[in-house]
Amino acid sequence: LPDGMAIYRGDKEAYPIAAAHRVLHELSCPVYSCPDVDGAGLSIALSLPRYAGLVLPDFERIVELFEAGAGDRERYLAQLAGCEAKLAYAVQKDVRQLWRIIQKYGRALPQEKFIEPI
């Protein structure tokens, strides 16, 4: 096996998500997630087999983006009912910390926000 591997989880309209999950279940290595910074993204990360951590900018950068007004309030609110209970009981320190930040600002950030030119 290679030292690292990136797997695109899938887009419902372009790639089968189930195929990515089958690959992850067949491997035995730790799995890191690069999710959207929102409740659904964190819930998806926690559903990965052998979840090992988040691949995101440091949380200070995420706070800076929220402080600058980035993010979508409607998206945050739309996802809340589906993820709030699961994330309230998350035991992973990184997930708990990021979830508190997301709740504080009440907005969601897509992962694409982190690859935009500065």
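Values in this document were obtained by computation on a predicted structure and should not be read as measured data.

## With respect to the overall build of the protein
- Helix and strand counts for the protein come out as 5 helices and 2 strands.
- Partitioning the intrachain contacts of the protein with sequence separation of at least 6 by distance along the chain shows that 64% fall at a separation of at least 24.
- Summed over all atoms, the accessible surface of the protein reaches about 7,600 Å², with 54% contributed by carbon and sulfur.

## With respect to the packing of helix 4 (residues 73–88) against helix 5 (residues 93–105)
- The interhelical angle for the contact between helix 4 and helix 5, taken along N-to-C directions, is 145 degrees, at an axis separation of 12 Å. Taken as a pair, helix 4 and helix 5 cross one another with a handedness that is left-handed. Listed contacts from helix 5 to Tyr76, Leu80, Cys83, Glu84, Leu87 and Ala88 of helix 4 are Val95, Trp99, Ile102 and Gln103.
- Of the residues contributing to the contact of helix 4 with helix 5, the split by class is 8 nonpolar, 1 polar and 1 charged.

## Considerations on helix 1 (residues 17–26)
- Every buried residue of helix 1 is listed here: Ala20, His21 and Leu24. One side of helix 1 holds all its buried residues, which, seen down the axis, span an arc of 100 degrees. Those residues of helix 1 that are exposed and angled more than 90 degrees off the buried face are Arg22, His25 and Glu26.
- Turning to helix 1, the residues buried within the fold contact strand 1 (31–33) and helix 2 (39–47).

## Side note on the side chain of Arg107
- Positionally, Arg107 belongs in the segment after helix 5.
- Buried Arg107, no salt bridge; nearest opposite-charge side chain is Glu67, N-O distance 7.4 Å.
- Excluding its chain neighbours within four sequence positions, the residues that come into contact with Arg107 are Val37, Phe66, Glu67, Gly69, Ala70, Gly71, Asp72, Arg73, Tyr76 and Ile102.

Definitions and limits used
Residues numbered from 1 in each chain as written. Predicted model: local features only at pLDDT ≥ 70, side-chain atom pairs only at ≥ 80, totals over all residues. Heavy atoms only, no water. Helix = DSSP H or I, 4+ residues; strand = E, 2+ residues; numbered from the N terminus. Contact = heavy atoms within 4.5 Å. Areas by Shrake-Rupley, 256 points an atom, 1.4 Å probe, with all protein chains shown as cover. Axes fitted to C-alpha atoms, helices over the stretch in contact; angles between N-to-C directions. Left-handed = near helix turned anticlockwise from the far one by under 90°. Nonpolar A, V, L, I, M, F, W, Y, C, P; charged D, E, K, R; others polar. Buried < 20%, exposed > 50% of the residue type's maximum accessible area, 1.4 Å probe, protein only. Arc of directions from axis to C-beta. Lys, Arg positive; Asp, Glu negative; His and termini not counted. Salt bridge = Lys/Arg side-chain N within 4 Å of Asp/Glu carboxyl O.

In short, geometric facts, not functional conclusions.
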